[in-house]
Amino acid sequence: EAQVTQNPRYLITVTGKKLTVTCSQNMNHEYMSWYRQDPGLGLRQIYYSMNVEVTDKGDVPEGYKVSRKEKRNFPLILESPSPNQTSLYFCASSLYGPGGTDTQYFGPGTRLTVL
Amino acid sequence: LAKTTQPISMDSYEGQEVNITCSHNNIATNDYITWYQQFPSQGPRFIIQGYKTKVTNEVASLFIPADRKSSTLSLPRVSLSDTAVYYCLVASNTNAGKSTFGDGTTLTVKP
C-alpha cells in the first residue's frame, strides 16, 4: 500500500531533550516536506527536500533540522525542544514537488508535547 | 508564492451543495490549484486539482475563471461526513519546494 509513515505518533518530552521524528514513504517520491499545524494557523512548512541530499527551509525552520540521506526517509530533528514546539507535525511527499500536477501525500501526523 | 484567502468557516445542511471560494490574486502562469480535505487529527488528503475552466471528479468539481485569480470548490449534496477543513494550495514545481497553505475553511455540515 502506498503510504507515508511517521513515528512516533504521539510523544511527550521535556525541554532540551533531543528527539527525532521519522518519516518514510514507499512511493519513490523525490519531494518530501515537513509541516506543523497549530490551532488557527493552518499548515506551516518547516523544511522540504527536492531530492536526496537537497534540503531547504520553509516558512518556520527555527529550532528544527532535517536530513535526506535516502530517498525514502526524511527525519525531523529537534536538537533542543522547547514548549513552543508543541504541535501536530505532518510529513508529506510527492513525485517531484509541492504543486503543478503533483499531489502531496500526507502521513498520519505526530502529536508532540514539550513540557 | 501565491497567497490564498478563504473564508474561515461555513455551515451547511445535509443534501445541500456547498461552494467554497479561494482567492489567489497573484497566481503565476505555472501554478496549479489543488484542494485538500483534512479531518481532525489526520493528514490532509487530495480532493481535486485544476489549471483552468472546470474539473470534475467523483467527489467534487472545481471551477476556475479565465483570469485564474480565484477558484471555487463545489461539493454536491454534502453529508455529515464532509465536515472537515478544506485547503486550497496554489503552487507550481518551478518555485523550488516552497508550499504555503492558507488557513483553510472549516465546513460544518448539520443534519
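Report on the accompanying structure. Quick caveat: nothing in here was measured; it's all calculated off a predicted structure. (Residues numbered from 1 in each chain as written. Chains lettered and ligands numbered in written order. Predicted model: local features only at pLDDT ≥ 70, side-chain atom pairs only at ≥ 80, totals over all residues. Heavy atoms only, no water.)

**Regarding the packing of aromatic side chains**
Under the definition given, this model contains 10 aromatic pairs over all chains. Summarising the aromatic geometry, the rings of Tyr35 of chain A and Phe106 of chain A are spaced 5.6 Å apart at their centres and angled 40° between planes, so their arrangement reads as tilted. Taken together, the residues span a long stretch of sequence, with Tyr35 of chain A in strand β4 (residues 31-37) and Phe106 of chain A in strand β10 (residues 105-106) at a distance of 71 residues. An identical accessibility class is assigned to Tyr35 of chain A and Phe106 of chain A; each is buried. Ring centres 5.0 Å apart and planes at 50° place the aromatic pair Tyr32 of chain B and Tyr51 of chain B in the tilted group. Here Tyr51 of chain B lies in the loop between β4 (45-50) and β5 (53-56) and Tyr32 of chain B lies in strand β3 (residues 32-38), a separation of 19 residues in the sequence. Overall, the relative accessible area of 26% leaves Tyr32 of chain B in the partly exposed class. Aromatic rings pair up to connect Tyr35 and Phe106 of chain A together with Tyr36, Phe46, Tyr87 and Phe101 of chain B into one cluster. When the ring centre of Tyr51 of chain B is taken as origin, the NZ or CZ atom of Arg68 of chain B, which lies over that ring, is 3.9 Å away. (Phe/Tyr/Trp six-rings, centres within 6.5 Å; stacked < 30°, edge-to-face > 60°. Helix = DSSP H or I, 4+ residues; strand = E, 2+ residues; numbered from the N terminus. Buried < 20%, exposed > 50% of the residue type's maximum accessible area, 1.4 Å probe, protein only. Lys NZ or Arg CZ within 6 Å of the ring centre and 35° of its normal.)

**A short note on the state of the cysteines**
Residue and element names in this part refer to chain B. Within this structure, the stated rule accounts for 2 disulfides over all chains. One disulfide bridge connects Cys22 with Cys88, the sulfur atoms lying 1.8 Å from each other. Of this pair, Cys22 sits in strand β2 (residues 18-23) while Cys88 sits in strand β8 (residues 84-91); the two residues are 66 residues apart in sequence, bridging distant segments of the chain. No difference in accessibility class separates Cys22 from Cys88, as the two residues are buried. (Disulfide = S-S within 2.5 Å.)

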